[in-house]
Amino acid sequence: MDDFQGLDILDFDPGVIPIFPSLGGFLQSREGHAPTEGLIEHNIPALQTLVVTKLAAGFDDDCVEALRRIVEDVAEGRRGHLKYLVLDFAHHVERDSEGGADFNRLVNDVAALILRAPVVSVACARAHMAGADLELALACNLMIAETGRRFSFAADPALSLATYGFLSQKIGFVRAERLMERGESLNAEEMCDLLLAKA
């Protein structure tokens, strides 16, 4: 961790979004490489980090394809020597989101990234999270929840198996089932209390 001057991924200033002090400026920026409409890439070599900012809720086919290509490139080392892939959810619309074709494959690719390459996937929730956006964020190794954001778990566990599976691994089957069946909406602090996110 010498590259981070003593910073640890699990030990950061909660007032800084998301995990690295110098990353905040990149997340506020709308500049960077755009692999498809609604996505912006920021490569931060000094932090061995690739940030992908997502500006729209949900995942159309182009978004899924672009994200799968990015994750595959990271897993195969084609983006340089990275330690972190940050998926920055920065959409401004509060609504349930849906996944396009191959969305389930994208979720699997993100969940398996740490096994394929020593790269930690981090979800930065700077938007209200629901549906497919929340599912992909839960597939990441770590989620950072911005204060004031809400996380909606209104889904049938039988129809949202990936979300149910990720929740079950983290908080247990009974709690995951109750959370989803009741359609609960949690704030960032409640997500942190359940150890589903860091603030």
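If you're wondering where the values come from, they're calculated on a predicted model, not measured in any experiment.

(A) Spotlight on the packing of aromatic side chains. For the coordinates displayed, the defined rule picks out 2 aromatic pairs. Relative to F103, the ring of F59 has its centre 4.9 Å away and its plane inclined at 40°; by these criteria the two rings are tilted. Of the two residues, F59 sits in the loop between β2 (49-54) and α2 (61-75) while F103 sits in helix α3 (residues 103-116), which places them 44 residues apart along the sequence. For the residue pair F59 and F103, the accessibility class agrees, reading buried in each case. Both rings, one in Y164 and one in F173, keep their centres 6.3 Å apart while their planes meet at 50°; by these two values the pair is tilted. Looking at Y164, the relative accessible area reads 17%, which means it is buried. Positioned above the aromatic ring of F59 is the side chain of K54, whose terminal nitrogen or guanidinium carbon lies 4.1 Å from the ring centre.

(B) Geometry of α3. The end-to-end C-alpha distance of α3, which contains 14 residues, comes to 19 Å, matching closely the 20 Å that a straight helix rising 1.5 Å per residue would cover. Along α3, the largest kink reaches about 30° and is centred on V110. The set of residues buried in α3 consists of F103, L106, V107, D109, V110 and L113. Packing partners of the buried residues in α3 comprise α2, β3 (84-89), β4 (120-125), α4 (131-139) and α5 (161-171).

(C) Examining the sheet that holds strand β1 (residues 39-44) more closely. Taken together, the 5 strands give an open sheet; going across it, the order is β1-β2-β3-β4-β5, and neighbouring strands pair in mixed fashion. The open sheet has two free edges, formed respectively by β1 and β5 (142-145), since each of these has just one partner strand. Pairs of neighbouring strands in the sheet enclose a mean axial angle of 20°, with direction left out of account. Bridge count between β3 and β4: 6 bridges; the pairing is parallel. Residue pairing in the sheet places L87 in a bridge with A123 of β4. Relative to the sheet, α2 contacts β1, β2 and β3, its axis offset from that of β2 by approximately 175°.

(D) Molecular detail of the packing of α5 against helix α6 (residues 173-181). Orientation of α5 relative to α6, taken along the N-to-C sense of each, is 135°, at an axis distance of 7 Å. The angle between the axes of α5 and α6 places the two elements in the oblique class. The element α5 and its partner α6 pack so that their crossing is right-handed. From α5, T163, Y164, L167, S168 and I171 reach across to α6, where they touch F173, R175, A176, E177, L179 and M180.

(E) Inspection of a negative patch on the surface at higher detail. Among the surface-exposed residues, E37, D60, D61 and D62 lie close enough to one another that they form a single negatively charged patch. Of note, D61 is situated in helix α2.

(F) Focus on the pairing of β1. Of all 6 residues making up β1, 5 are buried, and the element is well covered by its neighbours. The sheet contact formed by β1 and β2 spans 6 bridges and is antiparallel. Paired with H42 across the strands is V51, a residue of β2. If you look at the hairpin formed by β1 and β2, you'll find 4 residues sitting between the two strands, and Q48 has a positive phi there, around 50°.

(G) Broad picture of the nonpolar core. Counting residues in hydrophobic clusters, the biggest one holds 50 residues, and the most contacted among them are F59, M143, F151 and F153. Ranked by residue count, the leading element in this core is α2, at 8 residues. Excluding residues within four positions of it along the chain, F151 makes contact with A125, M129, L134, M143, A145, E184, S185, L186, N187, A188 and M191. The next biggest cluster of nonpolar side chains, apart from the first, holds 9 residues, and it includes I44, V86, V122 and L142.

Calculation criteria
- Residues numbered from 1 in each chain as written.
- Predicted model: local features only at pLDDT ≥ 70, side-chain atom pairs only at ≥ 80, totals over all residues.
- Heavy atoms only, no water.
- Phe/Tyr/Trp six-rings, centres within 6.5 Å; stacked < 30°, edge-to-face > 60°.
- Helix = DSSP H or I, 4+ residues; strand = E, 2+ residues; numbered from the N terminus.
- Buried < 20%, exposed > 50% of the residue type's maximum accessible area, 1.4 Å probe, protein only.
- Lys NZ or Arg CZ within 6 Å of the ring centre and 35° of its normal.
- Expected span 1.5 Å × (residues − 1).
- Bend = angle between axes of the 7 residues up to and from the residue.
- Contact = heavy atoms within 4.5 Å.
- Pairing = 2+ DSSP bridges.
- Axes fitted to C-alpha atoms, helices over the stretch in contact; angles between N-to-C directions.
- Parallel < 35°, antiparallel > 145°, perpendicular 65-115°, else oblique.
- Left-handed = near helix turned anticlockwise from the far one by under 90°.
- Patch = residues over 30% accessible without salt bridge, like charges linked within 9 Å, V, L, I, M, F, W, Y side chains within 5 Å.
- Areas by Shrake-Rupley, 256 points an atom, 1.4 Å probe, with all protein chains shown as cover.
- Salt bridge = Lys/Arg side-chain N within 4 Å of Asp/Glu carboxyl O.
- Lys, Arg positive; Asp, Glu negative; His and termini not counted.
- Charge placed at Lys NZ, Arg CZ, Asp CG, Glu CD.
- Core = buried A, V, L, I, M, F, W, Y, C linked by side-chain atoms within 4.5 Å.

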